[in-house]
Amino acid sequence: MIRTDVPLAPFTTFRVGGPARFFAEAHTLSDVDDAIAYSRAHTLQLRPFGAGSNLLIPDDGIPGVVLKVAMGGIACEESGDTALVTADAGAAWEEVVDSVTERELFGIENLAGIPGTVGGAVVQNIGAYGAELKDVFEYADAIEIATGVGRRFDKAAAAFGYRDSFFKRHRGFVITSVTLRLMRHAAPNLSYPDLARASAAGVPCDTPQDIAHAVRAIRSAKFPHGIREGTAGSFFKNPVVSRDIAAALVLKFPGMPLFPQGERVKVPLAWVLDQVLSLKGFSMGNARLYEKHPLIIVARAGARAEEIDALAREVEQRVFATLGLAIEREVETFGAQV
Ligand code: NAP
């Protein structure tokens, strides 16, 4: 059922922004079909979303159809050493992590504690503590908005990149379900410093559930989950640069940690914002960089999307002026204008 002029702020974790001119919530595949048919019949743009945990809604709202994907089923099929888990796109990512780790399956335990839905996890190719969604992705089913026709995307078609996918670059599909391949046996991935430290300090990190538990404990100490203010987690991506640029950066900023990614090198932006630009807690209007983690923007109650955008642009300009790096946003802004 299509509703009109529905405020979107309560559907997002930033809790800012204006209304959707048209709004629908899909609990079944046929609800998705209906919303797509409505948008096509009225030549309106349709924008799907899940938990709104990586979204900035413009203050003026969205003129087309906004579709909340809310189907939430999870099914698991085990066979020998692997298991295929199929989750509806609107299932909470945390529920998938729970259901997989309870079965003692490895593959997504390092991705525990990330807010959002399964569909969002694929769009974003979520990553944390050395694991990425793409590592376990088998396929996703989606419906093309322009035609209403279904299509299955394998890993090659999903074209994953660093916090990036085909679905992020081409907004023409509604993901309806996702299938992941998990493993019965695997070596725990404790490559990230926080997790390695926890393990060395005696925190159990043997089973998938142990690791998910450890990751959640680390995350809850430094990421603003459940605070009263609005946030969409990391607002910016870590820049990935050539080796030459990385070498020049470390000469100019001694002590800068760098992480090789094949031929390229990842620059930890939180370190830059803190150690080079001293921007922890930096605020403009009702938006600020979180004191415990400056990659995260938090918005006070009553903040406007344009205040968040202004702060983000200021950070982008300062990073460019001092390091010569054009940083990209991880958070998506619905609509062309904020
Ligand atoms: P950290 O361990 O303090 O490391 C800082 C940065 O260095 C991270 O951004 C990470 O990149 C990179 N890094 C650290 N060790 C690495 C290694 N062994 N190999 C490659 N890259 C490495 O990280 P943090 O900022 O506390 O974040 C921990 C994890 O949570 C990260 O993976 C991060 O992406 C994720 N995170 C999620 C949110 C959220 O709210 N959703 C917010 C911040 C961070 P990557 O970011 O590419 O992993």
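Located above this text is the structure these notes cover.
Residues numbered from 1 in each chain as written. Predicted model: local features only at pLDDT ≥ 70, side-chain atom pairs only at ≥ 80, totals over all residues. Heavy atoms only, no water.

1. Thoughts on the sheet that holds strand β6 (residues 74-79)
Point 1. Read from one edge of the open sheet, 5 strands run β6-β7-β12-β10-β11, paired in antiparallel fashion. Since the sheet does not close on itself, it has two edges, and those belong to β6 and β11 (150-154), each with one partner. Strand after strand, the sheet turns through a mean of 20 degrees between neighbouring axes, direction not considered.
Point 2. Relative to strand β12 (residues 173-183), strand β10 (residues 137-144) runs antiparallel, the two being bridged by 7 bridges. Across the sheet, residue Glu144 finds its bridge partner in β12, namely Phe173. (Pairing = 2+ DSSP bridges. Helix = DSSP H or I, 4+ residues; strand = E, 2+ residues; numbered from the N terminus. Axes fitted to C-alpha atoms, helices over the stretch in contact; angles between N-to-C directions.)

2. Points about the pattern of salt bridges
Point 1. Under the counting rule described, the total for this entry stands at 24 salt bridges.
Point 2. Put simply, Arg169 and Asp164 hold a salt bridge, and the shortest N to O gap is 2.5 Å.
Point 3. A residue is classified by how much of its surface remains accessible, and Arg169, at 43% relative accessible area, is partly exposed.
Point 4. Residues Arg288 and Glu229 are paired through a salt bridge, measuring 2.6 Å at the closest nitrogen-oxygen approach. Note that Arg288 is positioned in strand β18 (residues 287-289) and Glu229 in the loop between α7 (208-222) and β13 (230-234), a separation of 59 residues in sequence.
Point 5. In this structure Arg288 comes out as buried when scored by relative accessible area, which is 13%. (Salt bridge = Lys/Arg side-chain N within 4 Å of Asp/Glu carboxyl O. Buried < 20%, exposed > 50% of the residue type's maximum accessible area, 1.4 Å probe, protein only.)

3. As for unusual backbone geometry
Point 1. Its identity as a non-glycine residue notwithstanding, Arg15 has a phi of 60 degrees, on the positive side.
Point 2. With respect to the helices and strands, the residue Arg15 is situated in the loop between β1 (3-7) and β2 (19-26).
Point 3. With a phi angle near 50 degrees, Ser278 is a residue other than glycine that sits in the positive phi range.
Point 4. Residue Ser278 is classed as exposed on the basis of its relative accessible area, which comes to 57%.

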